[in-house]
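Letter by letter, the chains look like this.
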Amino acid sequence: AVVSTQSTGVMGMIGKIGVLFASIPSPIIGGMYMVMFGIVTAVGISNLRFVDLTSSRNVFIIGVSMYFGVVVPMWSGKIMSDPEAAKSIQTGNEEFDQLVRVICTSGMIVGAAIACFLDNTIPGTSKERGLTSYKFTAQSCADKELLKKVYHEPVIEFLAGRLPILRKLPFVPSKADF
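Residues numbered from 1 in each chain as written. Predicted model: local features only at pLDDT ≥ 70, side-chain atom pairs only at ≥ 80, totals over all residues. Heavy atoms only, no water.

Examining the overall build of the protein chain
Counting its secondary structure elements, the protein chain contains eleven helices and zero strands. The helix and strand sequence of the protein chain, counted from the amino end, reads α-α-α-α-α-α-α-α-α-α-α. Classification of the 178 residues of the protein chain by burial places 13% in the buried group. Pairs at least 24 apart in sequence give 51% of the contacts found in the protein chain among residues at least 6 apart. Put simply, the protein chain shows about 13500 Å² of open surface, and 71% of that area lies on carbon and sulfur atoms. (Helix = DSSP H or I, 4+ residues; strand = E, 2+ residues; numbered from the N terminus. Buried < 20%, exposed > 50% of the residue type's maximum accessible area, 1.4 Å probe, protein only. Contact = heavy atoms within 4.5 Å. Areas by Shrake-Rupley, 256 points an atom, 1.4 Å probe, with all protein chains shown as cover.)

So, in structure tokens, the structure goes:
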């Protein structure tokens, strides 16, 4: 990933290569975007493999988060395009207004925030939420040191060590994990 980023940066600085990329027709770029976003969507949906999709709770959470992920950016786009309507949601703090604009115009951020909120507030069993299958898969991993390196979250572990109430959250490691 680092090499591809560096090579892309170098290619962008060399004029002839930049011209080559700029000469790619729009339909080709559109096709590349279609494939790229299709892959991103498929990977996102594959993350739901541990979740019980026959549960009405989970179907509700997925549906509502996808709905708001589509509707809120459309609504904020309409509001931001009308200067008079945009004044109604401005706070007077330009930095905060910009933050709200960025969050509201990103469907992924809106959908993920709604899904995380609903998943952690609507009651559901560990099996229904996919936590038991996920933990079983993580425990069956043979290389425990690799697992710790990949999923090591120093800030969360530090805070969970200082504030035991944080261990109640499903994404915070339990005391046995320390």
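Structural notes on the packing of helix H4 (residues 56-81) against helix H6 (residues 94-105)
One way to put it is that H4 packs onto H6 with a least axis distance of 7 Å and a crossing angle of 135°. Between H4 and H6, the angle is such that the two are oblique. Contact residues: Val 72, Pro 73, Ser 76 and Met 80 in H4; Arg 101, Cys 104 and Thr 105 in H6. Considered class by class, the residues forming the contact of H4 with H6 number four nonpolar, two polar and one charged. (Axes fitted to C-alpha atoms, helices over the stretch in contact; angles between N-to-C directions. Parallel < 35°, antiparallel > 145°, perpendicular 65-115°, else oblique. Nonpolar A, V, L, I, M, F, W, Y, C, P; charged D, E, K, R; others polar.)

Section: the pattern of salt bridges
Think of it this way: side chains of opposite charge can pair up when their charged atoms draw near. All told, the structure shown has three salt bridges when counted by the stated rule. With its nearest N and O atoms 2.9 Å apart, the salt bridge here joins Asp 119 to Arg 57. Separated by 62 residues along the polypeptide, Asp 119 in helix H7 (residues 107-121) and Arg 57 in helix H4 bring together distant segments of the chain. Exposure remark for Asp 119: the relative accessible area of 24% places this residue in the partly exposed category. For Asp 119, the salt bridge goes to Arg 129, with nearest N and O atoms at 3.1 Å. Note that Asp 119 is positioned in helix H7 and Arg 129 in helix H8 (residues 126-129), a separation of ten residues in sequence. Taken together, the salt bridges that share partners define one network made up of Arg 57, Asp 119 and Arg 129. (Salt bridge = Lys/Arg side-chain N within 4 Å of Asp/Glu carboxyl O.)

Purely geometric stuff here, so don't read any function into it on its own.
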